[in-house]
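Tertiary structure, described
Residues per chain, in single letters:
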Amino acid sequence: MPGFELFGDAERKEVHDVLDSGVLMRYGFDGMRNGHWKAKELEAALQTQFNVQHAQLVSSGTAAVSVALAITGIGAGDEVIMPTFTFVASFEAIMMLGAIPVLVDIDDTLTLDPAAIRKAITPKTKAIMPVHMCGSMANLDEIKAICDEHNLILVEDACQAIGGTYKGKALGTIGDVGCFSFDFVKTMTCGEGGAIITNNSDFYTNADHYSDHGHDHVGNDRGAETHPFLGYNFRISELNAAVGLAQVRRLPEFLEIQKKHYDILREALADIPQVTFRTVPEGGVESCAFLNFFLPDLDTAKSVMTGFKENGIDVCFNYYDNNWHYIRKWEHLKDLKSLYPISQEVRDGMQYLETKTFEQSDQYIARNISCLIKMSWTEEEVRSRAIKMREVILNVVSSFV
Ligand SMILES: *Cc1c(COP(=O)(O)O)cnc(C)c1O
């Protein structure tokens, strides 16, 4: 991450195609567009890249999560299980539909803990949404088994793990629906954009219509199309899709660079006894967008973070006090600070957050450091970063004994 680091002629060329024809919209205007259908081409490229039957582009990753839930029929009063460690988009997308986010502990994978999921299931539970944070995944076999047992929808948020795989399948293609974000800081970017991917053609048809006001997309006269059901506007523009089209073709190269840099950094820390790496479920291959490791406790992690800062090691994060990614700082969610009234059903359903504590999540997040892997680093820069990181950690842990 992030794809913008390597912008170049390929992205410029695709954008110029769109500007030359002047058709900035993905639908219609067939005669004017000189044969350019960037959104359609990007959808086809995503299908090929991830070996999945359908891809639907939308305007953001947050929109992708809302669309994923809506097209599987999740709405008012339904409970959706999601992790305590994610991005605020997870509960935003659930609540937009009038559904209830049920926050559940993570484990040493830094994603949903299957045992904690089981405890959270009620008759109102309709979906489980693991979020593959920081380049790696939840234990998908176990979560899928829970979904099968309780007849629940499995939505994978793969926004931070595009290119990762589980038992040979792309992350995002294992559940009923998968979500990607192509916002400015993701591994591949459209500037703003997102996608849902699925092998279920009913869900896909729903997504195609729902993300464009319910348009059925039959024929070539938009005004004459019918609307089988209510929708919204979550369309991506051709300009954004054009950037993504150039980026998806470069994704294999991006993933290779991420892995090369990840391996160098990991190797440098691997023999430090106080460092343990996050658990990757058996059969999983990380996207290598981040390197994640645990230290013995919060104090050590904080001291290492201070040492990193003093030594110019940027883009590493301890999420314990982070405003955007971890429940501890989500007062606006716990207090339901909304600009508009929230239904009594959702208020009741979320009351648990006033008192519930998440010691298990706290324990993992406190000790974790996540280091973003940049693609624009030279190999020399990665190697000197690796040496510095090692030195800082050794220094801190030796002063603690
Ligand atoms: C980025 C991100 C999103 C939201 O994507 P946007 O395109 O920024 O709306 C959702 N979930 C996760 C895990 C993300 O990292």
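As the structure is a prediction and not an experimental result, all values here were calculated from the model.

**Observations concerning the sheet that holds strand β11 (residues 284-285)**
Hydrogen bonds between backbone atoms are what pair the strands of a sheet, whose relative direction is either parallel or antiparallel. Taking strand neighbours across the sheet as the criterion, the 3 strands line up as β7-β6-β11 in an open arrangement whose pairing is antiparallel. Only two strands of the sheet have a single partner each, and these edge strands are β7 (169-170) and β11. In terms of strand pairing, strand β6 (residues 165-166) meets β7 through 2 bridges, oriented antiparallel. In the sheet register, Tyr166 faces β7, and the bridge partner there is Lys169.

**So, the pattern of salt bridges**
Counted according to the given criterion, the structure contains 25 salt bridges. Close ionic contact of Arg328 with Asp321 constitutes a salt bridge, the shortest N to O distance being 2.5 Å. Through salt bridges with shared partners, one network takes in Lys13, Glu14, Asp17, Lys38, Glu41 and Arg249.

**A closer look at the pairing of strand β9 (residues 194-198)**
When you tally the buried positions in β9, you get 5 out of 5 residues, the bulk of the element. Of the two faces of β9, the one lined by Gly194, Ile196 and Thr198 and the one lined by Ala195 and Ile197 are each fully buried. The pairing of strand β1 (residues 54-58) with β9 spans 5 bridges and is classified as antiparallel. Its bridge partner being in β9, His54 is matched across the sheet by Thr198. As paired strands, strand β8 (residues 177-181) and β9 are joined by 4 bridges and run antiparallel to one another. Bridged to Gly178 within β9 is Ile197.

**A word on the packing of helix α3 (residues 61-71) against helix α4 (residues 89-96)**
The contact between α3 and α4 brings their axes to 8 Å, and the two run at 45°. Classified by the angle between their axes, α3 and α4 sit oblique to one another. Pair α3 / α4 crosses with right-handed handedness. Between α3 and α4, the contacting residues are Thr62, Val65, Ser66 and Leu69 on the first element and Ala89, Glu92, Ala93, Ile94 and Met96 on the second. Of the residues that constitute the contact of α3 with α4, the class distribution is 6 nonpolar, 2 polar and 1 charged.

**Side note on the site of the ligand**
Around the ligand, a shell composed of 14 residues is seen, among which Gly61, Thr62, Ser181, Asp183 and Lys186 lie nearest. The side chain of Asp183 places a nitrogen or oxygen atom 2.6 Å from an oxygen atom of the ligand. Between an oxygen atom of the ligand and a side-chain N or O atom of Lys186, the distance comes to 3.1 Å. Taking 380 Å² as the accessible area of the ligand by itself, protein coverage stands at 93%. In terms of residue class, the shell around the ligand is made up of 5 nonpolar, 6 polar and 3 charged.

**Section: the nonpolar core**
One finds Leu269, Phe293, Phe308, Ile369 and Ile393 to be the most contacted residues of the largest nonpolar core, which totals 101 residues. Among the domains, domain 1 (3-250) and domain 2 (252-324 + 360-399) are the pair contributing at least three residues each to this core. Apart from residues lying up to four places away in sequence, Leu269 is in contact with Val275, Phe277, Leu291, Phe293, Met389, Arg390 and Ile393. Ranked by size, the runner-up nonpolar core spans 31 residues in total, among them Leu57, Ile162, Phe182 and Ala241.

**Here's the deal with the domain arrangement of the protein**
Looking at the protein, the domain boundaries give domain 1 (3-250) and domain 2 (252-324 + 360-399). Domain 1 and domain 2 are separated by 28 Å when their C-alpha centres are compared. Listed as interface residues are 37 residues of domain 1 and, on the opposing side, 32 residues of domain 2. Where domain 1 abuts domain 2, roughly 2900 Å² becomes buried across the two surfaces, and 58% of that area is made up of carbon and sulfur atoms. It is Glu5, Asp108 and Arg250 that lose the most area in domain 1 upon contact with domain 2, and together they represent 21% of the buried surface on that side. At the surface where domain 1 touches domain 2, the tally comes to 1 salt bridge. Among the salt bridges present, the one from Arg250 reaches Glu253, with a minimum N-O distance of 3.9 Å. Looking at the side of domain 1 that touches domain 2, the elements that each hand over two or more residues are β6 and α8 (238-269). Ranked by residue count, the leading element in the side of domain 1 that touches domain 2 is α8, at 4 residues. Its residues assigned to classes, the side of domain 1 that touches domain 2 comprises 14 nonpolar, 15 polar and 8 charged.

Parameters at a glance
Residues numbered from 1 in each chain as written. Predicted model: local features only at pLDDT ≥ 70, side-chain atom pairs only at ≥ 80, totals over all residues. Heavy atoms only, no water. Pairing = 2+ DSSP bridges. Helix = DSSP H or I, 4+ residues; strand = E, 2+ residues; numbered from the N terminus. Salt bridge = Lys/Arg side-chain N within 4 Å of Asp/Glu carboxyl O. Buried < 20%, exposed > 50% of the residue type's maximum accessible area, 1.4 Å probe, protein only. Axes fitted to C-alpha atoms, helices over the stretch in contact; angles between N-to-C directions. Parallel < 35°, antiparallel > 145°, perpendicular 65-115°, else oblique. Left-handed = near helix turned anticlockwise from the far one by under 90°. Contact = heavy atoms within 4.5 Å. Nonpolar A, V, L, I, M, F, W, Y, C, P; charged D, E, K, R; others polar. Near = heavy atom within 4 Å. Polar contact = N/O pair within 3.5 Å; in protein donor to acceptor, adjacent residues only side chain to side chain. Areas by Shrake-Rupley, 256 points an atom, 1.4 Å probe, with all protein chains shown as cover. Core = buried A, V, L, I, M, F, W, Y, C linked by side-chain atoms within 4.5 Å. Domains from an automatic or database assignment. Buried area = accessible area lost by both parts, 1.4 Å probe.

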